[in-house]
Amino acid sequence: MESAFDNLDAAGFLEIWQHFDADDNGYIEGKELDEFFRHMMKTLGPQEKATEERVQRLKQRFMSAYDITADGKLQIQELANMILPEDENFLLVFRREAPLDNSVDFMKIWRKYDVDCSGYISAQELKAFLKDLFQQHHRAVSSDKLEEYTDAMMKIFDKNKDGRLDLNDLARILALEENFLIQFQMDACSKEERKRDFEKIFAHYDVSKTGALEGAEVDGFVKDMMELVRPSITGPELDKLRVILLGHCDVNKDGKIQKNELALCLGVKLNA
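Residues numbered from 1 in each chain as written. Predicted model: local features only at pLDDT ≥ 70, side-chain atom pairs only at ≥ 80, totals over all residues. Heavy atoms only, no water.

The name an unreviewed UniProt entry gives the protein chain is Secretagogin, with Myripristis murdjan as the organism. UniProt lists a comment for the protein chain under the heading Subcellular location (unreviewed entry), and it reads "Cytoplasm". (UniProt positions renumbered as here; feature names shortened; annotations may be inferred.)

Given below as structure tokens:
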């Protein structure tokens, strides 16, 4: 990247992101995208006139290189990769070999860092999460920088501005894949299809392969199941729903949901 962005830090990046993500939907797209590349052209080459043709050419060049999802929109990580110097790219620590596609893994992270079990991630808990991520990526970070990055993350992802992150905020940070259950229609198919779909569903959430859902596996299933009905649920709501599900399905009261117990709850006959 050329020198215009060489000294950009987390606060400067945050300012750019918030300015161009005008509708606060987590993407820079449409007219926002054109405005961003018009601004970028003026920043990178102030001596050149930012004609529409030049802006579109610049947009095409950068989108082909940085729009990893190829959806014609810029996600926050994609923008960071585009304009932040590598030593300042605090979002690099969220880059993974494969996307986080299982709510069970997501809930393990949630439970680990919601230390006070409040159902939310506070700024202090987020800072602990970031610190661990930097260590995992073997990146040294000063306490001042950690504060700066935590503050930037809170401002970017704390959508309701209550000073804490809820389940959906963290899901956005970790780029959690689409709800696994969306692909199934448990009430609109034959008994054989229901049984086949149930087997896929149980195998997906039974990450430990023990034949029973427990801990974060129950959490992940509850989260996905409830979000089919409502777009988002909070941590405290998930905790209540988890108790209700266990009360309804955990017949032998061992704190787990056995495969046959979940099948009974969902009205699926395994040996039909």
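Draft legend 1. Structural detail: the overall build of the protein chain. Along the protein chain, the regular secondary structure elements total twelve helices and four strands. Expressed as a percentage of the 272 residues in the protein chain, the buried residues total 45%. As presented, the protein chain carries roughly 14,600 Å² of accessible surface, and 51% of it is formed by carbon and sulfur atoms. When the 37 basic and 53 acidic side-chain charges of the protein chain are each reduced to a single mean position, those positions are 3 Å apart. (Helix = DSSP H or I, 4+ residues; strand = E, 2+ residues; numbered from the N terminus. Buried < 20%, exposed > 50% of the residue type's maximum accessible area, 1.4 Å probe, protein only. Areas by Shrake-Rupley, 256 points an atom, 1.4 Å probe, with all protein chains shown as cover. Lys, Arg positive; Asp, Glu negative; His and termini not counted. Charge placed at Lys NZ, Arg CZ, Asp CG, Glu CD.)

Draft legend 2. Molecular detail of the packing of helix α9 (residues 191-205) against helix α12 (residues 259-266). Where α9 meets α12, the closest approach of the two axes is 11 Å, and the angle between their N-to-C directions is 130 degrees. The orientation of α9 relative to α12 falls into the category oblique. Read as a crossing pair, α9 and α12 show a hand that is right-handed. Contacts between α9 and α12 involve R194, F198, E199 and F202 from the former and K259, L262, A263 and L266 from the latter. Of the residues assigned to the contact of α9 with α12, the class counts are five nonpolar, no polar and three charged. (Axes fitted to C-alpha atoms, helices over the stretch in contact; angles between N-to-C directions. Parallel < 35°, antiparallel > 145°, perpendicular 65-115°, else oblique. Left-handed = near helix turned anticlockwise from the far one by under 90°. Contact = heavy atoms within 4.5 Å. Nonpolar A, V, L, I, M, F, W, Y, C, P; charged D, E, K, R; others polar.)

Draft legend 3. The arrangement of the state of the cysteines in detail. Counted under the stated rule, the structure contains one disulfide. Each sulfur of the disulfide joining C249 and C265 lies 1.9 Å from the other. Residues C249 and C265 are joined by a disulfide whose S-S torsion is about -135 degrees; by sign, that bridge is left-handed. Here C249 is found in helix α11 (residues 235-249), whereas its partner C265 is found in helix α12, with 16 residues between them in sequence. Using a relative accessible area of 25% as the deciding quantity, one classes C265 as partly exposed. (Disulfide = S-S within 2.5 Å.)

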